[in-house]
Amino acid sequence: MTPILLLGAGRMGGALIQGWREAGAFPVADLIVRDPNVDPAAFVGALVNPPLEALSAAKTVLLAVKPQIWREAIEDVVPHLAPDAVIVSIAAGVRAADISAAFGGRAVARVMPTTAVAIGRGTASIFADTPDARSVAHALFAPVATMVDLDREDLLHAATAVSGSAPAYLYAFVEALEAAGAGVGLDPAASAKLARATIIGAAALMEAGGEEPSELRKQVTSPGGTTAAALAVLMGEGGFGDLLPRALDAAIARSKALGG
Ligand SMILES: NC(=O)c1ccc[n+]([C@@H]2O[C@H](COP(=O)([O-])OP(=O)(O)OC[C@H]3O[C@@H](n4cnc5c(N)ncnc54)[C@H](O)[C@@H]3O)[C@@H](O)[C@H]2O)c1
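Owing to the predicted nature of the structure, the values given are computational and were not obtained by experimental measurement.

A. Highlighting the UniProt feature "binding site: NADP(+)" (unreviewed entry) in the chain. In this structure's numbering, the residues bearing the UniProt feature "binding site: NADP(+)" (unreviewed entry) are L7, G8, A9, G10, R11, M12, A64, V65, K66 and P67. Of the residues just listed, which span 61 residues, no C-alpha pair is farther apart than 13.9 Å, and they cluster in one region. Excluding its chain neighbours within four sequence positions, the residues that come into contact with G8 are G13, R34, D35, A64 and V65. Relative to the helices and strands, G10 resides in the loop between β1 (4–7) and α1 (11–23).

Here it is, written out as structure tokens:
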């Protein structure tokens, strides 16, 4: 499945390269990077922006450009690809059938990853029409992500809302917690330190103990105590139970729109 051609090596493509490097997944010499805006010094050892003729060596093509420009980004590339190159797209919303047609009928897998692939702790929601394309997607993401196979392509919209976008929800929560902590009198630096360490510790505890989030929540929540008072706000009317379905619906609608 190598060499791997990355069409786009921005935040997500770059995160994958970093994760593969740290996991020792693929020799960097097996990577071909095509991206007009990268500094070759960031990908020492890889083939960066070689002449188009060199792209025929690629066995796997990772489509990692923005959904809005994917068609123009592949136009001059497709004629140079090997007939049996497998396409793996991480572009939000863009349908496998459209990608396959634009890539001359080549097999396509779609993956919705998260940026934590950079440290080998990502997730990858995977859909593919063919077992071979699914295997290639597995080989790319197994070294850096917890994988979930989807048996219907349309479920990628939901997976994007629940997983691909969700790191940003957590970061937004931490930002808000820090600001709220400063708002009730903590020094901003102390509030930031407490909020970040608390969230990281709580996530680590969830991972280490294997207990349900609801059980962990109960362990913090004394009857009639401070947590119960705060959760009545967060989980009451207008709280998480209302907000998250609305947020996911908005992400899903956007994912569908990006697919055209
Ligand atoms: N960032 C995330 O958390 C995330 C998660 C899952 C999926 N995705 C998907 O990954 C894709 C890339 O997102 P990103 O966040 O890395 O965006 P980004 O803007 O950081 O990276 C896109 C890269 O594409 C490059 N590019 C532009 N024109 C190009 C061309 N003609 N040929 C090759 N490269 C070109 C840009 O220079 C840039 O480096 C998107 O389709 C997005 O939906 C992103």
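After presenting the structure, the write-up continues.
B. Looking closely at the site of the ligand. Residues in close proximity to the ligand total 21 residues, the closest being R11, M12, D35, N37 and V65. The separation between an oxygen atom of the ligand and a polar main-chain atom of R11 is 2.8 Å. Between the ligand and D35, the relevant distance is 2.6 Å, taken from an oxygen atom to a side-chain nitrogen or oxygen of the residue. Coverage of the ligand by the protein amounts to 80% of the 820 Å² it exposes when considered alone.

C. Looking closely at the pattern of salt bridges. According to the stated counting rule, one finds 7 salt bridges in the structure shown. Here R34 and D76 are joined by a salt bridge, their closest N and O atoms 3.0 Å apart. With R34 in strand β2 (residues 31–34) and D76 in the loop between α2 (70–74) and β5 (86–89), the pair connects residues that are 42 residues apart, well separated along the chain. By relative accessible area, which is 21% here, R34 ends up partly exposed.

Conventions adopted
Residues numbered from 1 in each chain as written. Predicted model: local features only at pLDDT ≥ 70, side-chain atom pairs only at ≥ 80, totals over all residues. Heavy atoms only, no water. UniProt positions renumbered as here; feature names shortened; annotations may be inferred. Contact = heavy atoms within 4.5 Å. Helix = DSSP H or I, 4+ residues; strand = E, 2+ residues; numbered from the N terminus. Near = heavy atom within 4 Å. Polar contact = N/O pair within 3.5 Å; in protein donor to acceptor, adjacent residues only side chain to side chain. Areas by Shrake-Rupley, 256 points an atom, 1.4 Å probe, with all protein chains shown as cover. Salt bridge = Lys/Arg side-chain N within 4 Å of Asp/Glu carboxyl O. Buried < 20%, exposed > 50% of the residue type's maximum accessible area, 1.4 Å probe, protein only.

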